[in-house]
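Structure at a glance
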Amino acid sequence: MANPLLHVEDLRTWFRSPRGIVKAVDGVSFTVESGRTRALVGESGCGKSITALSVPQLVPEPAGYIAGGRILWDSEDLLERTWSAMRPLRGREIAMIFQEPMTSLNPVATIGRQLEEASTVHGGAWRAARARALELLERVGLRDPSATLRQYPHELSGGMRQRVMIAMALANRPRLLIADEPTTALDVTVQAQILALIAELQRETGMAVLLITHDLGIVAEVADDVSVMYAGQIVEEAPTAALFAEPRHPYTQALFASLPSRSRRGGDLATLEGMVPDPAAWPAGCRFAERCARRLPECADAPPWRSLAADRRVRCVLPGVDGGTA
Amino acid sequence: MNALSDPTGNGGALVEARGLSKRFPLRTGVLGRREWRTAVDDVSFAIAPGRTVALVGESGSGKSTVGLMVLGLLEPTAGDVRFEGEPVAGRRGADAKALRRRMQVVFQDPFASLNARMTVAESVTEGMRIHGLNGDEAGRRAAAQALLEQVGLPAHALDRYPHEFSGGQRQRIAIARALSVEPRFLLLDEPTSALDVSVQSQVLNLLRRLQRERGLAFLFVTHNLAVVEYLADTVCVMEAGRIVERGDVAELFDAPSTETTRRLLDAIPSLDPSARRLRA
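Bear in mind the structure is a predicted one, so any value in this text is a computation, not a measurement. (Residues numbered from 1 in each chain as written. Chains lettered and ligands numbered in written order. Predicted model: local features only at pLDDT ≥ 70, side-chain atom pairs only at ≥ 80, totals over all residues.)

**A look at the environment of Arg33(B)**
Relative to the elements of secondary structure, Arg33(B) occurs in the loop between strand S1 (15-28) and strand S2 (34-47). Sequence separation between Arg33(B) and Thr65(B) is 32 residues, and the spatial gap between their C-alpha atoms is 25 Å. (Helix = DSSP H or I, 4+ residues; strand = E, 2+ residues; numbered from the N terminus.)

Right under this line is the structure:
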């Protein structure tokens, strides 16, 4: 198999804090291939967003820093590049969209100006930029693109703003789109449209997508591969269909069991007792052990990866077989 | 139903909204002519004790505005809300205070809805003090401790501040505070939307248990249809201020009769990757 477009290897992104070093991302590995979508799924504080920010090296400094690992981009380790040597990649080959498009857009510049800037900042001609902006807005499905060009962000709805962000991200035909909770602030109907749009653009351009989400429904709809994160680490990795047919890590199983649905009416939903351990003092052994119903004495040691298939692995000494979604 | 078994003549409803409408003035045009935006248009429903009615719809459909009118926090342009058969509007003094005690609310964001400068004990006992419940301070503190236990928080939480708790714990504090004055009705406005799924399940289990034990009536305002399917008895689908469809949750979700409901249902991501619709 050819090398994947992006190969993150044993990434450690840490933060200095008054309470000591917070190991927000602590040994994360995954790949993203062209034309495919990898979902990083997990709950608040698991490190999924910091993982995403680490790829284009946008972790807030000086508190945050990448303490170790490799970020292989076309087999070149991006961590060897200086911050300024990263600039040609950011926004051109690697584009990002975030949850709240209002905070990502400049409130005092028209949509047209911001889109033109996106296509000229890497050296495009201003003259072509206006036409390109119009073309991009058309492409992301805005109804009246020439009117939108003259509008300011506050004049648009949340869904329209996210379409503008996607247009801006696509301005330079990136090879990787990192989407961090791109639809969390939107209505379900608008969410469906935005996810369908990203998938369609991916089919057209063959870009790779790294999708950060807490929503298993979104993963089921759009991801090819999934990495489940817990407490700064990946605990399970699988093709989407396999994961949903049979989640194997106790944490993944608990996530599925906690989802409300009609078939669970009248009964209690599964819950996780206790809390995620303190990121400034991760336990030495399995980080989920304290909340795990299947805990064994050997869980006091760091659990090894167990391979379940060529493309499936789980960080658990006793991967379960129950707990499917059906 | 005869008059004896239904003295209020409202089919045993605890809370009833009848023909609620709300118009907001947008601006005054030339010649002083006013333009209006109709946020809620002729909305009616009834909630019996121990039952849950869900209001669903997209942002801007008017569902939260209905909630505020039900609580009497916003005056309807037309129509009225009745609690135990008596109108909610126009109450004064002790009468208004008695009603406040019986109708409580839990909002989406437990970071915004708790006073950051009050300890948990102060937040939870404030309502009791206002309504003169549970005797003296010691009695109220004991009652607050019992409530915290009911919502699954340790007793030492009493003397802590909101920032010391996670989102799910804060939402449980907000629920304990709502319950502190022994309400019969809870407005739940997106109570789990800000929470992680494993925490959401704790809060949903808690709400369901409290409803069972206390016979609480819930008005559940949300856009999350999976939660509606799990928790609600009746669902009202809103669009542009109006209820466009209503019915038993299972029946309505199985056979939606309006485009609005179908669109909402179609947009829910399925948990079956082989049945994906958003991506071929």
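**Considering the domain arrangement of chain A**
All names here are of chain A. Along its sequence, chain A is organised into domain 1 (6-230) and domain 2 (248-315). Its C-alpha centre places domain 1 at a distance of 28 Å from the equivalent point of domain 2. Counting residues at the interface gives 12 residues for domain 1 and 12 residues for domain 2. Sorting the residues of the side of domain 1 that touches domain 2 by element identifies strand S2 (20-32) and strand S9 (225-230) as the ones contributing at least two each. With 6 residues, the top contributor of residues to the side of domain 1 that touches domain 2 is S2. Residue composition of the side of domain 1 that touches domain 2, by class: 6 nonpolar, 3 polar and 3 charged. (Domains from an automatic or database assignment. Contact = placed C-beta atoms within 7 Å. Nonpolar A, V, L, I, M, F, W, Y, C, P; charged D, E, K, R; others polar.)

**Re the packing of helix H3 (residues 111-120) of chain A against helix H4 (residues 126-139) of chain A**
Residue and element names in this part refer to chain A. It is at 8 Å that the axes of H3 and H4 come closest, and there the two elements cross at 115°. In this structure, H3 meets H4 at a crossing whose hand is right-handed. Where H3 approaches H4, its residues Gly 112, Leu 115, Glu 116, Ser 119 and Thr 120 are matched on the opposing element by Trp 126, Ala 129, Arg 130, Arg 132, Ala 133 and Leu 136. Here the contact of H3 with H4 is composed, by residue class, of 5 nonpolar, 3 polar and 3 charged. (Axes fitted to C-alpha atoms, helices over the stretch in contact; angles between N-to-C directions. Left-handed = near helix turned anticlockwise from the far one by under 90°.)

**A short note on the sheet that holds strand S7 (residues 185-189) of chain B**
The strands that make up a sheet pair up through hydrogen bonds in the backbone, lying either parallel or antiparallel. All names here are of chain B. If you walk across this open sheet you meet the 6 strands as S6-S7-S8-S3-S9-S10, and the pairing is mixed. The open sheet has two edge strands, strand S6 (103-106) and strand S10 (242-248), and neither has a second partner. Here the average twist between neighbouring strands, direction ignored, is 20°. Pairing geometry for strand S3 (residues 52-56) and strand S9 (residues 234-239), over 4 bridges, is parallel. Bridged to Ala 54 within S9 is Val 235. (Pairing = 2+ DSSP bridges.)

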